[in-house]
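# Observations on chain architecture
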Amino acid sequence: MFDLKWIRDNPDAFDDGLKRRGAEPCAKVIIAIDEERRAHLQKLQDAQQQRNTLSKQIGKAMSDGDKDLAEKLKSEVAELKTFVQSGEDAERAFDARIAEVLSGLPNLPLDETPDGPDEEANVEVRRVGEQPPMDFEPKLHFELGEALGMMDFEAAARMSGARFVVLIRDLARLERAIGQFMIDLQTGENGYRECSVPLMVKDHAMYGTGQLPKFMDDQFFPSSSGSRAKLLGEALDKTTPDQEARYRDGEISLRELVEDVLEHAPTREDFWLIPTAEVPLSNMVREQVVDEADLPMRLTALTPCFRAEAGAAGRDTRGMIRQHQFYKVEMVSITLPDRSRDELDRMTGCAEEVLKRLGLHYRVVALSTGDMGFGARLTFDIEVWLPGENTFREISSCSVCGDFQARRMNARFKPAEGGANQFVHTLNGSGLAVGRTLIAVMENYQNADGSITIPDVLRPYMGGQDKIGA
């Protein structure tokens, strides 16, 4: 979300930023709606002042015994009251129109963000480490996992469909070990405060971090299945004798019985499954005013994440690269405006440290304006080397959002030196995606016989085990 005053004062800069993001310039449209709104508010204010003046005149007319004048003035006040009430509805309509336009616009990029339409315009910032030497043809992670009998996509598909996996024995433990190692590093050494957060959130939380309304199709909305199933179970316990008799006598099917029961059942609250812990962690400061002394707030959580992957049809359908459900350690920082850019470098370094400890080769890439996320102003992707694919793959994305999310959440801070409350700046990043880290460990630490050496830093989490497989 954006500051209307800033748009009015800087229409060209606003439109230039949108152009860099591949969006249509719309400062004139927004300003026109806002001017119409401001003119309407002035009329409301004038009507309210006139109403107050006439109300005083009514009192004087009554005290003077001039009932005719008093009744005339009362009629005028009633008309003004009706106008003000209808005008307040119109004011809300103006606000909704402006919010609808602004909520669909991406954040404006920083000057240093590379320009370009897509990932081809991304700029490599640095490479760290080296590719592991292998005197054999490296296998893909799913080839390794299936050969070990520890990665079962078919079993997952039978119960859940595509883009799910069942990990078994040592690989299940290795996934858990990776997540624990990451969260321990981020909390123990990097100063993040661990949180256990809800995995389901309401509309306003998803709106606050920018998933709604623009990216609704990429999210999982469980109310139509999970909560409805629970509702069905409760409702079937309350079927009437007539309903049971009609079903038992074959007059209605089970489906018709269910539909009849649900039609008369109470509604339940709706929730979204979180696509990342960024949503609940960032919303910790929603509608709050925090003290400047409490910033920066650095929060982290290891959670399951759920993504519909609606825009990824046909991509990475084999293996664990792109799953509907996966674990991730998320980092969120809430900072002062003048500290947020430096905080991005710090956060990126915290994510990189995981790969350094694991001894994995990676590179850091600055995303172009066309490849960057909706709410970001500048994003650094960390891409890990995968020998089986012979390429780099994203394993973390760290972004600074400025006050974009804070305005949507109404999250502010109280300056230590006094003055008006200001919007905080927010950042988010993966520290890291657990599933993709598992893939990277498997492919980089694979041996010619199909076994997998466990990196030193993970062995304490594996009970001292140093190898998986033969």
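Residues numbered from 1 in each chain as written. Predicted model: local features only at pLDDT ≥ 70, side-chain atom pairs only at ≥ 80, totals over all residues. Heavy atoms only, no water.

### Things to note about the pattern of salt bridges
Threshold: A carboxyl oxygen of Asp or Glu within 4 Å of a side-chain nitrogen of Lys or Arg is what we treat as a salt bridge. Only DSSP runs of H or I covering at least 4 residues are called helices, and only runs of E covering at least 2 are called strands; the numbering of each starts at the N terminus. Throughout, exposure labels follow a simple rule: accessible area from a 1.4 Å probe, protein chains only, divided by the maximum for the residue type, with under 20% read as buried, over 50% as exposed, and the rest as partly exposed.
Scanning the entire structure with this criterion turns up 25 salt bridges. Glu124 is the salt-bridge partner of Arg363, the closest N and O atoms lying 3.0 Å from each other. Of this pair, Arg363 sits in strand S10 (residues 362–366) while Glu124 is found in strand S1 (residues 123–128), placing the two residues 239 residues apart along the sequence. In this structure Glu124 comes out as partly exposed when scored by relative accessible area, which is 35%.

### Comments concerning the sheet that holds strand S12 (residues 391–402)
For the record, the criterion: Strands pair, by our definition, only if DSSP identifies at least two bridges between them. Residues count as neighbours in contact if any of their non-hydrogen atoms are within 4.5 Å of one another. All axes here are fitted lines through C-alpha atoms, helices being fitted over the stretch that makes contact, and every angle between N-to-C directions spans 0 to 180 degrees.
Spatial ordering of the open sheet is given by S1-S10-S11-S12-S15-S9-S8-S4, a layout of eight strands whose pairing is mixed. Of all strands in the sheet, those with a lone pairing partner are S1 and strand S4 (193–194), marking the two edges. Relative to strand S8 (residues 297–306), S4 runs parallel, the two sharing two bridges. By the bridge assignment for S8, Glu194 is matched with Thr300. Strand contacts of helix H13 (residues 340–358): S1, S8, strand S9 (325–335), S10, strand S11 (378–386), S12 and strand S15 (425–433), with the helix running at about 5° to S15, the strand carrying the most contacts.

### Quick notes on the sheet that holds strand S13 (residues 412–414)
Pairing in this open sheet of three strands is mixed, and the strands run S7-S13-S14 from one edge to the other. Only two strands of the sheet have a single neighbouring strand rather than two, namely strand S7 (289–291) and strand S14 (422–423). With two bridges joining them, S13 and S14 adopt antiparallel strand pairing. Within S14, the residue paired with Phe413 across the bridge is Gln422.

### Description of the layout of surface pockets
Just so we agree on the cut-off: Put plainly, a pocket is an open set of points on a 1 Å grid over the protein atoms alone with protein on both sides within 12 Å along at least five of seven lines, a cavity is a set where a 1.4 Å probe fits but cannot get out, and a lining residue has an atom within 4 Å of a point. Grid points are joined across faces, edges and corners, and a volume is the space filled by probe spheres set on the points. Under the grouping applied here, Gly and all other residues not named as nonpolar or charged are polar, the nonpolar ones being Ala, Val, Leu, Ile, Met, Phe, Trp, Tyr, Cys and Pro and the charged ones Asp, Glu, Lys and Arg.
In this structure, the second largest pocket occupies an estimated 400 Å³ of space. Where the lining of the second largest pocket is concerned, the elements lending two or more residues are helix H2 (11–20) and helix H14 (404–409). If you tally residues by element for the lining of the second largest pocket, the top one is H2, at four residues. When the residues that make up the lining of the second largest pocket are grouped by side-chain class, the tally is eight nonpolar, four polar and seven charged.

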